[in-house]
Amino acid sequence: MAGKNPTRLVVVESPTKAKTIRGFLPAGYRVAASMGHVRDLPESATDIPARYKGQEWARLGVNVEADFEPLYIVPGKKAKIVSELKALLKDADELIVATDEDREGESIGWHLVQVLNPKVPISRIVFHEITPEAIRAALASPRQIDEDLVRAQETRRILDRLVGYTVSPLLWKKISTGLSAGRVQSVAVRLLVQRERERRAFRSATYWDLKATLLRGITPFGATLTAVNGKRVATGRDFDENTGRLKTADVVLLDGEQARALQERLKQSAWKVAETDEKPTVRRPYPPFTTSTLQQEANRKLRLSARDTMRIAQRLYEEGLITYMRTDSVHLSEQAIKASRSRIRSLYGDNYLSPQPRQFTTKSKGAQEAHEAIRPAGTEMRTVEELRLTGVEGALYDLIWKRTVASQMAEARLTYLTATIQADGATFRASGKRIDFPGFFRAYVEGQDDPDAALEDREEPLPPLKPGDDLALRALEALSHSTQPPARYTEATLVKMLEQEGIGRPSTYASIIGTVIDRGYVERVSNQLVPTFTAFAVTGLLERNFPSLVDTKFTARMEEELDEIAEGDAQWLPYLRNFFLGADGLDETVKRGQESIDPREASTVMLEDLGARVRIGRFGPFAEMESDGETFTASLPEGIAPADLTAEQVSQLVRAKAEGPDVLGEDPATGKPILVLQGRFGPYVQLGEAEEGSKSKPKRASLPKGMNPADLKLDFALQLLSLPRTLGTHPETGKEIQANAGRFGPYVVHDGDFRSLAKSDDVYTVDLARAMELISQPKAGRGQRAAIEPLRTIGAHPKDGEPVNLYEGRYGPYVKHGAVNASIPKGTGPDEVTLEQAVTLLAEREAAGPPAKKGRGGRSAAKTSRAPARSGTKSAKAADTGEKKPARAGTKSKTAASARTAAAKKTARTASKTAGAKKPPKK
């Protein structure tokens, strides 16, 4: 052993991060990935160790009667990873925990040490960027795991589990199965519901004004009416933003007739400049990005969801291209300031530099996640072109680069120009803007939440004007305006509100928003977040029975208390006892709710001016109304927003169901009637009535999106019902070739071999010859099925150079390398999958072991709980995502196929092996 060089094992979370760090370490260091958490609370009944089965507290995974002792287990999918790490540790002389520097990273590192139980020295290193300099600096100043941070994170985890696993079952019983509650997600949903309620209560008002196009010489410019006979004309700001009613008394509210009369009079009037004004101002650059502001700006400018923004930023960080992306800080290091100023000097010149280096201070309360803003990593501030980044990675990096560089640039100098114009007792105002020096506008301008708002770097000049100048009128328009209800939240504005209210932490926002979308509480429509009727029902139940859980101030105070625990200023155990076991604690409140909450009332949503009730049923929301002593119901079409549902729509739906479907005509071939019906997914046509007692359903076809059933003609309905069309038989196999339309467009199929139709092909007219041509590319052998072609090849696997391909499968898109398949997570588009993400997914799938074998009846031999699996990676665990379903012993599994799909999508849930369940460190 004498003279042996020490071997150090460095453990990080992901393979990408491991690969990047490996290149910066000298000989004697080995780097391995834990693939996120190696230990967690049990997610299903099968995860609960045998010695705890049957104990009531084990369902929670937290023994509330024994000082809230958590039951930690090593999930089955992590057993192989743990074994590999232990094997590597046997040959190591030191364990270096190099997980991310935030609370979640500290917790991952602590669990890692607890499971591996190393007999060698342990050190903890943190770094804000993955560069050689940062890694060397971190190795030179190691520390121990911060137990206060760990305690705060584990308290948060226990708190979230207690809320999710006690309130969620109540929602199943009182409203509908599959629902969930969460410490932060429920507050976020309530914010969305409250905004939708405001939109429903809003009453639009109309006001008029005039817009003139004037000429000074040959230069046209615009001016808007502001006053008549010295009295100000009402504008949008004079109406209450919540109700739409006029709130300002001493204004002129023009109607259409008055506006047009004034228009005609002023056309014959003289126009003259009364006053002019120039107001110089400066605009200072914005601070560099924090997690929150990056999510907001990426949503505004790149239309990226918070989840996608964090996923892409994580990849950029792990590749060593940006600094750590979970941070509340706007501080820049000296090297970053120096690099930025050097870039500004070379790209724009010295006059675009701020006179002195500019440093920003963090105003966010409780900022603690990191110590520097998000910026390009390293000392060179390399551009996106130099790095040869493309696609969304390139776009996000470029956004970060511009914001960072702009923060060290000179202020922009602008002059705002105004002119007051008189015409026969009417006052008009013309406004303009002159950019005297663009300053940081050369690099960066922040986006707007209002899509109609002008960008700051856009010059809006006025011609030279002075008092007394005569003007010529080119055009005069009378314009009608309608007040608009409060805008729905976008991801950007919701993130801004959550941060403003102190709800959650910026590093959790992506998971919060992703969760409420995944759980069916919210739909994303044209970048707007629209709450569903289910969200209304759940929020109503929580408001009536658990008001503190959805109160923004109460939730914000919880975050502050967790911060105090992290700082060592508060004790975790008294806090949990009071929250859960107090006289008015969560446990007692849930028990009272089990007895007192009426399921019919809980599943009913009452909307103002609807004249009907909306109820949450087994197959979705439906309207229920009384008429002549009878109760009538009708399903509500998917996608209709609660604020937009009208009494007329409900009446039409109920009447259509009561009167029966419209008969469009008869099918010439069968003589059966062609019916027009309204279903959960919108209007559709049906061939004949459903036969009583028959298991087979009549043939149906949905109407094209946006088509009004009133415009439907018989010939087009017959065309819709003609699919799938049998074009003939394959001359070699004798099997049918069909044309049909599916989720991904029209196609032809032969013996399970699909080919998409070209844009020039028509699914209703394509013939056998054309189908044969498509199917023969590539040509299938006699009696054999053609090999499935990948949608695309993502790249070469770093281990063996073999291709990693992307396919479309029965249960959605998946990646494949060799014999290993891994499903793409829900919410990730096939075009967005990168090689690094695919390699990670494949590694997790391979670590989970082979899928469960089928038993009798095609069902998985192992019984599993109906609780969903959660990814063990940090991205899935960085937030209060709301615990969906507690473990239930003895429930049956889904089919093996669907179990495999769920496992792949949620990163596998299989039988777990347990590690000694040790408590987090105590104070």
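Please read these numbers as outputs of a predicted model, since none were measured by experiment. (Residues numbered from 1 in each chain as written. Predicted model: local features only at pLDDT ≥ 70, side-chain atom pairs only at ≥ 80, totals over all residues. Heavy atoms only, no water.)

**Thoughts on the overall build of the protein**
No. 1: Helices and strands together make up the secondary structure of the protein, namely 25 helices and 31 strands.
No. 2: Evaluated residue by residue, the protein yields a buried proportion of 52% over its 923 residues.
No. 3: Across the protein, every contact between residues at least 6 apart in sequence was considered, and the portion connecting residues at least 24 apart equals 69%.
No. 4: For the protein, the computed accessible surface area is about 43300 Å², with 49% contributed by carbon and sulfur atoms. (Helix = DSSP H or I, 4+ residues; strand = E, 2+ residues; numbered from the N terminus. Buried < 20%, exposed > 50% of the residue type's maximum accessible area, 1.4 Å probe, protein only. Contact = heavy atoms within 4.5 Å. Areas by Shrake-Rupley, 256 points an atom, 1.4 Å probe, with all protein chains shown as cover.)

**Remarks on the pairing of strand β12 (residues 426-437)**
No. 1: Inspection of the sheet shows strand β8 (residues 219-228) paired to β12 by 4 bridges, in the antiparallel sense. Bridged to A227 within β12 is T427.
No. 2: Where strand β11 (residues 412-423) lies against β12, 11 bridges are found, and the strand directions are antiparallel. By the bridge assignment for β12, T420 is matched with R429.
No. 3: Hairpin remark: β11 followed by β12, antiparallel, with 2 residues in the connecting loop; positive phi at D424, about 50°. (Pairing = 2+ DSSP bridges.)

**Points about the sheet that holds strand β25 (residues 736-742)**
No. 1: With respect to topology, 4 strands assemble into an open sheet ordered β24-β25-β26-β27, the strand pairing being antiparallel. Every interior strand has two partners, whereas the edge strands, β24 (725-729) and β27 (753-756), have only one. Averaged over neighbouring strand pairs, the angle between their axes works out to 25° when direction is ignored.
No. 2: Pairing of strand β26 (residues 745-750) with β27 involves 4 bridges; the strand directions are antiparallel. Its bridge partner being in β27, Y747 is matched across the sheet by S756.
No. 3: Relative to β26, helix α22 (residues 768-775) is tilted by about 85°, and along the sheet it contacts β24, β25, β26 and β27. (Axes fitted to C-alpha atoms, helices over the stretch in contact; angles between N-to-C directions.)

**A word on the packing of helix α5 (residues 147-174) against helix α18 (residues 586-596)**
No. 1: Put simply, α5 and α18 touch, their axes get as near as 11 Å, and they point 5° apart. The angle between the axes of α5 and α18 places the two elements in the roughly parallel class. Facing L162, V163, T166, V167, L170, K173 and K174 of α5, the residues of α18 in contact are L586, V590, G593 and Q594.
No. 2: When the residues that make up the contact of α5 with α18 are grouped by side-chain class, the tally is 6 nonpolar, 3 polar and 2 charged. (Parallel < 35°, antiparallel > 145°, perpendicular 65-115°, else oblique. Nonpolar A, V, L, I, M, F, W, Y, C, P; charged D, E, K, R; others polar.)

**Focus on helix α23 (residues 835-847)**
No. 1: In a regular helix each residue adds 1.5 Å, so 13 residues correspond to 18 Å; α23 covers 18 Å between its end C-alpha atoms and thus fits that length.
No. 2: The N-cap residue of α23 is T834: its side-chain oxygen and the backbone nitrogen of Q837 are 3.3 Å apart. (Expected span 1.5 Å × (residues − 1). Polar contact = N/O pair within 3.5 Å; in protein donor to acceptor, adjacent residues only side chain to side chain.)

**Comments concerning the confidence of the model for the protein**
No. 1: Confidence in the prediction for the protein averages 84 pLDDT; 86% of positions are at 70 or higher.
No. 2: Contacts of residues 779-786 to residues separated by more than four positions or lying in other chains number 11 contacts, the stretch itself having pLDDT below 50.
No. 3: Segment residues 887-918 is flagged for pLDDT under 50; beyond a separation of four residues in sequence, or across chains, it makes 96 contacts in the model. (pLDDT = per-residue confidence, 0-100.)

**What to know about the sheet that holds strand β6 (residues 122-124)**
No. 1: Pairing is parallel in the open sheet, where 4 strands are placed in the order β2-β1-β5-β6. At either margin of the open sheet sits one strand with a lone partner, and together these are β2 (29-33) and β6. In this sheet, neighbouring strand axes are inclined to one another by 25° on average, regardless of whether the strands run parallel or antiparallel.
No. 2: Bridging between strand β5 (residues 94-97) and β6 involves 3 bridges; their strand directions are parallel.

**A few points about the packing of aromatic side chains**
Given two aromatic rings, their pairing is described by the distance between the two centres and the angle made by the two planes.
No. 1: Going through the model one piece at a time under the given rule, you end up with 14 aromatic pairs.
No. 2: When the ring of Y52 is compared with that of W57, the centres are 5.3 Å apart and the planes differ by 65°; the resulting orientation is edge-to-face. The exposure classification of Y52 matches that of W57, with both residues buried.
No. 3: Relative to Y324, the ring of Y317 lies with its centre 5.1 Å away and its plane at 65°, an arrangement referred to as edge-to-face. The two residues Y317 and Y324 agree in class, both being buried.
No. 4: Among the aromatic residues, those joined into a cluster by ring pairs are Y286, F289, F440, F441 and Y444.
No. 5: Positioned above the aromatic ring of Y165, the side-chain terminus of R161 is 4.0 Å from the ring centre.
No. 6: Between the NZ or CZ atom of R197 and the centre of the ring of F536, over which it lies, the distance is 6.0 Å. (Phe/Tyr/Trp six-rings, centres within 6.5 Å; stacked < 30°, edge-to-face > 60°. Lys NZ or Arg CZ within 6 Å of the ring centre and 35° of its normal.)

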